[in-house]
Amino acid sequence: MQTVEQFKPDVIIIGAGLAGLTAAMEVTNAGKKVLLVDQETAENLGGQAYWSFGGLFLVNSSQQRRMGIKDSFELARQDWMGTAGFDREEDYWPRQWAEAYLKFATEEKAAYVAQLGIKLMFMVGWAERGDGSASGHGNSVPRFHVSWGTGTGVVKPFVDKAFAAQEKGLLRFCFRHRVTKLLTQDGAVFGIAGDVLEDDNKARGVATNRNILAAFEYYADQVVIASGGIGANHQLVRENWPERLGKAPVQMISGVPAYVDGKMIGIAEEVGAHMINR
């Protein structure tokens, strides 16, 4: 088998959850090589999305029309902007992302997921409905499309695509690789460094060991961080607790696996990444 050095990836992706798998699919579809690293075991491939309800945001879909739900890009945009309340200078890029995503959800997304083989149930749920108005918080009409198989049904096609890319020599997995540093030169990231952790046979979602076996450094022209949130890192949750909610609770319950530790946020900040909306 090729070593990572012999593999010579074009892109390193940190995190093998749904975001990382989606990025890997797009990159390998372009004929580029991907090194996909994750601190967990192969058993946890797909990350938090595996446990999700698999709800997909679509605008003016065939399911909505069949149920008599009248939706449009304009209404979805009004809902989104009314909820987000973009009113600061640092909201520039979030606003651009929102505009692009709304366009995608209206024009391309249904065909995109169908092409992947993701099937949607006939009903449309009303998650984040707020007060049900077009001027208040939340979605003024139902937009929560449930995928067949819920989260597992959403994750599976991307996992299949990753293994297919691996067979073609375009993707390599590096499980049990915990990134602790981004390598930079002249203000640009050119690689990653970290610890190789001892393997573990725990079931999906169960906390694994953090025994260090060795160190690693890998290099690529592009590095993508897709490492998830902070939900299991209660210290980080407390540090970022909103003032409007008062003092953070002394005791907290995690609704996510232990690996959702948010540590890549600080690691990215160390090399100059700009963070907003903590």
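Here the structure is a predicted model, which means the values were calculated and not measured.

A.B. asks: An account of the overall build of the chain is requested, with residue identities and associated values reported.
C.D. replies: Scanning the chain for helices and strands turns up nine helices and ten strands. A compact globule built from 278 residues would reach a C-alpha radius of gyration of about 19 Å, and the chain, at 20 Å, matches this within 12%. Projected onto the principal axes, the alpha-carbon positions of the chain cover approximately 55 × 50 × 40 Å. The burial tally for the chain puts 41% of its 278 residues in the buried class. As presented, the chain carries roughly 15700 Å² of accessible surface, and 54% of it is formed by carbon and sulfur atoms. A distance of 5 Å separates the average location of the 29 positive side-chain charges in the chain from that of its 32 negative side-chain charges.

A.B. asks: So what about the pattern of salt bridges? Which residues, and what values?
C.D. replies: A full pass over the atoms with the stated rule returns eleven salt bridges. When the shortest N-O distance is used, the salt bridge between Asp-71 and Arg-143 registers 2.8 Å. Here Asp-71 is found in the loop between helix H3 (62-66) and helix H4 (73-84), whereas its partner Arg-143 is found in the loop between strand E4 (120-125) and strand E5 (144-147), with 72 residues between them in sequence. Look at Asp-71 and you get buried, because its relative accessible area is 9%. Residue Arg-143 is classed as buried on the basis of its relative accessible area, which comes to 2%. A salt bridge links Asp-91 to Arg-88; the nearest nitrogen and oxygen atoms lie 2.9 Å apart. Residue class for Arg-88 comes out partly exposed when judged on its relative accessible area of 39%.

A.B. asks: Summarise helix H7 (residues 150-167); cite the residues concerned and give the values.
C.D. replies: End to end, H7 covers 27 Å across 18 residues, agreeing with the expected 26 Å (1.5 Å per residue, within 8%). Lys-156 marks the point of greatest bend in H7, at about 25°, and the proline Pro-157 comes within the next four residues. Close packing links the buried residues of H7 with helix H2 (18-29), strand E3 (55-57), helix H6 (109-115), E5 and strand E6 (171-175). Following H7 by one or two positions, Gly-169 adopts a phi angle in the positive range, close to 80°.

A.B. asks: Which residues make up unusual backbone geometry, and what values go with them?
C.D. replies: Here the phi dihedral of Asn-60 falls at roughly 55°; this positive angle occurs in a residue that is not glycine. Tracing the chain through its elements places Asn-60 in the loop between E3 and H3.

A.B. asks: Would you mind going over the sheet that holds strand E8 (residues 188-197) in detail, with residue names and values included?
C.D. replies: The strand order across the open sheet formed by three strands is E7-E8-E9, and the pairing between neighbours is antiparallel. Each of the sheet's edge strands pairs with one partner strand only, and the pair in question is strand E7 (177-185) and strand E9 (212-219). Taken pair by pair, the neighbouring strands of this sheet meet at an average axis angle of 20°, ignoring direction. Relative to E8, E7 runs antiparallel, the two being bridged by eight bridges. Bridge pairing links Thr-184 to Val-189 in E8.

A.B. asks: Any details on the side chain of Ser-140? Residues and values, ideally.
C.D. replies: Topologically, Ser-140 is positioned in the loop between E4 and E5. A polar atom in the side chain of Ser-140 sits 2.9 Å from the side chain of Asp-79.

A.B. asks: How would you sum up the environment of Leu-182? Please name residues and give values.
C.D. replies: Within the element layout of this structure, Leu-182 appears in strand E7. Leu-182 sits in the buried class, given a relative accessible area of 5%. A C-alpha to C-alpha distance of 34 Å links Leu-182 and Thr-83, two positions 99 residues apart in sequence.

A.B. asks: So what's going on with the nonpolar core? Residues and values would help.
C.D. replies: If you look at the biggest cluster of nonpolar residues, it comprises 25 residues, and the most contacted ones within it are Ile-13, Leu-21, Val-34, Leu-36, Ile-118 and Leu-171. Those elements that provide at least two residues to this core are strand E1 (11-14), H2, strand E2 (34-38), H7 and E6. In terms of residue count, the dominant contributor to this core is H7 (six residues). Discounting residues that sit within four places of it in the chain, Leu-21 has contacts with Ala-16, Leu-36, Leu-45, Gly-46, Phe-158, Val-159 and Ala-162. Within the second largest apolar cluster, 16 residues are counted, among which are Val-37, Ile-192, Ala-220 and Ile-267.

A.B. asks: So what's going on with helix H9 (residues 263-270)? Which residues, and what values?
C.D. replies: Residues of H9 that are buried: Met-264, Ile-267 and Ala-268. The buried residues of H9 all sit within an arc of 100° when viewed along its axis, so they share a single face. Next to the buried residues of H9 lie E1, E7 and strand E10 (222-225). Gly-272 lies just past H9 and shows a positive phi near 105°.

Conventions we followed
- Residues numbered from 1 in each chain as written.
- Predicted model: local features only at pLDDT ≥ 70, side-chain atom pairs only at ≥ 80, totals over all residues.
- Heavy atoms only, no water.
- Helix = DSSP H or I, 4+ residues; strand = E, 2+ residues; numbered from the N terminus.
- Rg over C-alpha atoms; globule rule 2.2 N^0.38 Å.
- Buried < 20%, exposed > 50% of the residue type's maximum accessible area, 1.4 Å probe, protein only.
- Areas by Shrake-Rupley, 256 points an atom, 1.4 Å probe, with all protein chains shown as cover.
- Lys, Arg positive; Asp, Glu negative; His and termini not counted.
- Charge placed at Lys NZ, Arg CZ, Asp CG, Glu CD.
- Salt bridge = Lys/Arg side-chain N within 4 Å of Asp/Glu carboxyl O.
- Expected span 1.5 Å × (residues − 1).
- Bend = angle between axes of the 7 residues up to and from the residue.
- Contact = heavy atoms within 4.5 Å.
- Pairing = 2+ DSSP bridges.
- Axes fitted to C-alpha atoms, helices over the stretch in contact; angles between N-to-C directions.
- Polar contact = N/O pair within 3.5 Å; in protein donor to acceptor, adjacent residues only side chain to side chain.
- Core = buried A, V, L, I, M, F, W, Y, C linked by side-chain atoms within 4.5 Å.
- Arc of directions from axis to C-beta.

The quantities given are spatial measurements derived from coordinates; they are silent on function.
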